[in-house]
Every structure is written in structure tokens, then in C-alpha cells.
Amino acid sequence: QVQLVESGGGSVQAGGSLRLSCTMSASTARIATIGWFRQAPGKQREMAAIISTGDRANYAPAVRGRFTISRDYAKNEVYLQMNSLKPEDTAVYYCSAAAGPAGFDTWGHGTQVTVSS
């Protein structure tokens, strides 16, 4: 069974940085497109960044230029480096894997990111 485990969330002041990590099995790391999604209170879950197995990255307009997604195949991890954080980045951040035609169908439990002004 595919498992994704997020870590690295926390509380920071506006302008600060955090790095989220998503750990997965080796088989998932080899074949899956991995995405970081986020859900703020009272809002729908939205995509923040996605990285393919060919290391092509896509970002939501709200985070482009501030967030960087990357993956380490040796460690079976995907990272989300978040810089210049804003209060509106406050959300639960989820790691998700898309390994087949069903798309993003496997999710971690999420990690809380809180940015204070």
C-alpha cells in the first residue's frame, strides 16, 4: 500500500522560510508524479506545486517565485522549500502521488503551516 508521510511544518513569521518533506516508498518515488496541495480553513484544497518523474515542476501562481519543489530519488523524498512566506500561506499542506490514470489518489495526513503577520 502506498504511504506518504509529510514532515517539516510549523509556525513562522511572515517573510520566513520552511521546508516540507514527503517520504515515500522507493517504488512510488520512481514512477509517481508528486504534488504538494494545501487547504486553508474554510477553503477548498488547492494545488501548490507538482513535480514529474522527469523533474518538470509546475506551480500555482500564488506561490511561483517563492516556493520550490524538488525530489531526491536516493532518499525517496520530495521537498517543498517555501520562502518569503505570507499569512495567506497558512494551511494544512498535503503530499499526494499520481502513479496511474486515476491521478492524485494517494494522500498523506498533512502537516500544518502557520504564518503570522
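Everything quoted here is computed from the prediction, not taken from an experiment. (Residues numbered from 1 in each chain as written. Predicted model: local features only at pLDDT ≥ 70, side-chain atom pairs only at ≥ 80, totals over all residues. Heavy atoms only, no water.)

A.B. asks: Would you mind going over the nonpolar core with me for this structure?
C.D. replies: In globular proteins that are soluble, nonpolar side chains generally tend to be buried together. Within the largest apolar cluster, 28 residues are counted, with the highest numbers of intra-cluster contacts made by Ile-34, Trp-36, Ile-69, Leu-80, Met-82 and Tyr-93. Mapped by element, the contributors of at least two residues to this core are strand S3 (18–24), strand S4 (33–39), strand S5 (46–51), strand S7 (67–72), strand S8 (77–82), strand S9 (91–98) and strand S11 (111–116). Discounting residues that sit within four places of it in the chain, Ile-34 has contacts with Met-24, Thr-28, Ala-49, Ile-50, Ile-51, Ile-69, Arg-71, Val-78, Cys-95, Ser-96, Ala-97 and Phe-104. (Core = buried A, V, L, I, M, F, W, Y, C linked by side-chain atoms within 4.5 Å. Buried < 20%, exposed > 50% of the residue type's maximum accessible area, 1.4 Å probe, protein only. Helix = DSSP H or I, 4+ residues; strand = E, 2+ residues; numbered from the N terminus. Contact = heavy atoms within 4.5 Å.)

A.B. asks: Teacher, can you tell me more about unusual backbone geometry here?
C.D. replies: Most of the time, phi is negative for any residue but glycine, and the peptide bond is trans. The phi dihedral of Asp-55 falls on the positive side, at around 65°, and the residue is not glycine. You can see Asp-55 is positioned in the loop between S5 and strand S6 (57–59). The backbone of Ser-84 sits at a positive phi, close to 50°, despite the residue not being glycine. As for its position among the elements, Ser-84 is in the loop between S8 and S9.

A.B. asks: What is the right way to look at the state of the cysteines in this model?
C.D. replies: All told, the structure shown has one disulfide when counted by the stated rule. There is a disulfide in this structure between Cys-22 and Cys-95, and the S-S distance comes to 2.0 Å. Disulfide Cys-22-Cys-95: torsion about the S-S bond near -80°, hence left-handed. Of this pair, Cys-22 sits in strand S3 while Cys-95 sits in strand S9; the two residues are 73 residues apart in sequence, bridging distant segments of the chain. Since its relative accessible area comes to 0%, Cys-22 is described here as buried. On the basis of relative accessibility, which here comes to 0%, the residue Cys-95 falls in the buried class. (Disulfide = S-S within 2.5 Å.)

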